[in-house]
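Coordinate inspection notes
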Amino acid sequence: MPTPRFLTLDDVAEILNVSWSQAYALVRRKELIAIQIGGRGQWRVEVDELERFIQQKYAEARAGSVPDEAAATDPAAAEQRA
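Everything numeric here is computed off the predicted structure, so don't read it as measured data.

Attention shifts here to the packing of helix α1 (residues 9-16) against helix α3 (residues 47-63). Packed helices, taken two at a time, are described by their axes: the angle between them and the distance between them. Closest axis-to-axis distance for the α1/α3 pair is 12 Å, and the angle between their directions is 30 degrees. Viewed along their axes, α1 and α3 form a crossing whose handedness is right-handed. Touching Val-12, Ile-15 and Leu-16 of α1 are Leu-50, Phe-53 and Ile-54, all from α3.

In structure tokens form, the structure reads like this:
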């Protein structure tokens, strides 16, 4: 059987070891690009797109960049910006 081109959000959540709602939040915020097939919640993520997302997160980690949401809840990060 050939490797699938698309993953469900359940698949993405399992690969990233997060909940379905966390995977969906990444799609909603357009951090992870997905397409909607049919109606109600039938989201699909291309395998290559998930790999791009993972590589981007590694690059951010190497660069030491902190996403705005984390910085907003981290008082030490807020002090460094001030």
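Further remarks concern helix α2 (residues 20-28). Buried within α2 are the following residues: Ala-23, Ala-25, Leu-26 and Val-27. In this structure, the buried residues of α2 make contact with α1, β3 (43-46) and α3. Following α2 by one or two positions, Lys-30 has its phi on the positive side, about 65 degrees.

In contact at an axis separation of 8 Å, α1 and α2 are set at 105 degrees when each is read in the N-to-C sense. Classified by the angle their axes make, α1 and α2 are roughly perpendicular. In this structure, α1 contributes Leu-9, Asp-10, Val-12, Ala-13 and Leu-16 to the contact, and α2 contributes Trp-20, Ala-23, Tyr-24, Leu-26 and Val-27. Of the residues contributing to the contact of α1 with α2, the split by class is nine nonpolar, no polar and one charged.

Bringing the packing of aromatic side chains into the picture now. Under the definition given, this model contains two aromatic pairs. Residues Trp-20 and Tyr-24 carry aromatic rings whose centres are separated by 5.2 Å and whose planes lie at 10 degrees to one another, so their mutual orientation is stacked. Taken together, the positions of Trp-20 and Tyr-24, both in helix α2 and four residues apart, correspond to about one turn of that helix. A residue is classified by how much of its surface remains accessible, and Trp-20, at 38% relative accessible area, is partly exposed. A ring pair is formed by Tyr-24 and Trp-43, whose centres lie 6.4 Å apart and whose planes are at 55 degrees; its orientation type is tilted. Linking Tyr-24 in helix α2 with Trp-43 in strand β3, this pair joins segments that are 19 residues apart in sequence. Given the relative accessible area of 17%, Trp-43 is considered buried. Through successive ring pairs, a cluster of aromatic residues spans Trp-20, Tyr-24 and Trp-43.

Parameters and conventions
- Note on numbering: residues in each chain are counted from 1, in written sequence order.
- It should be noted that, the model being predicted, local features are given only for residues of pLDDT at least 70 and side-chain atom pairs only at 80 or more, the latter also being counted only at that level, while totals for whole chains, interfaces and linings use all residues.
- Hydrogen atoms and water are omitted, and side-chain values are computed over all heavy atoms in the structure.
- Here, axes are lines fitted to C-alpha atoms. For helices the fit covers the stretch in contact, and angles between N-to-C directions go from 0 to 180 degrees.
- Counting from the N terminus, the helices are DSSP H or I runs at least four residues long and the strands are E runs at least two residues long.
- For a crossing to be left-handed, the near helix must be turned anticlockwise from the far one by less than a right angle; the clockwise case is right-handed.
- Contacts between residues were defined by any pair of non-hydrogen atoms, one from each residue, lying within 4.5 Å.
- When a residue's accessible area, from a 1.4 Å probe over protein chains only, is under 20% of the maximum for its type it is buried; when over 50% it is exposed; and in between it is partly exposed.
- What sets the label is the angle itself: under 35 degrees gives roughly parallel, over 145 gives roughly antiparallel, 65 to 115 gives roughly perpendicular, and the rest give oblique.
- The nonpolar class holds Ala, Val, Leu, Ile, Met, Phe, Trp, Tyr, Cys and Pro. Asp, Glu, Lys and Arg form the charged class, and all remaining residues, Gly among them, are polar.
- Two rings from Phe, Tyr or Trp (for Trp, the six-membered ring) form a pair when their centres are within 6.5 Å of each other. A pair whose planes differ by under 30 degrees is stacked, one over 60 is edge-to-face, and the rest are tilted.

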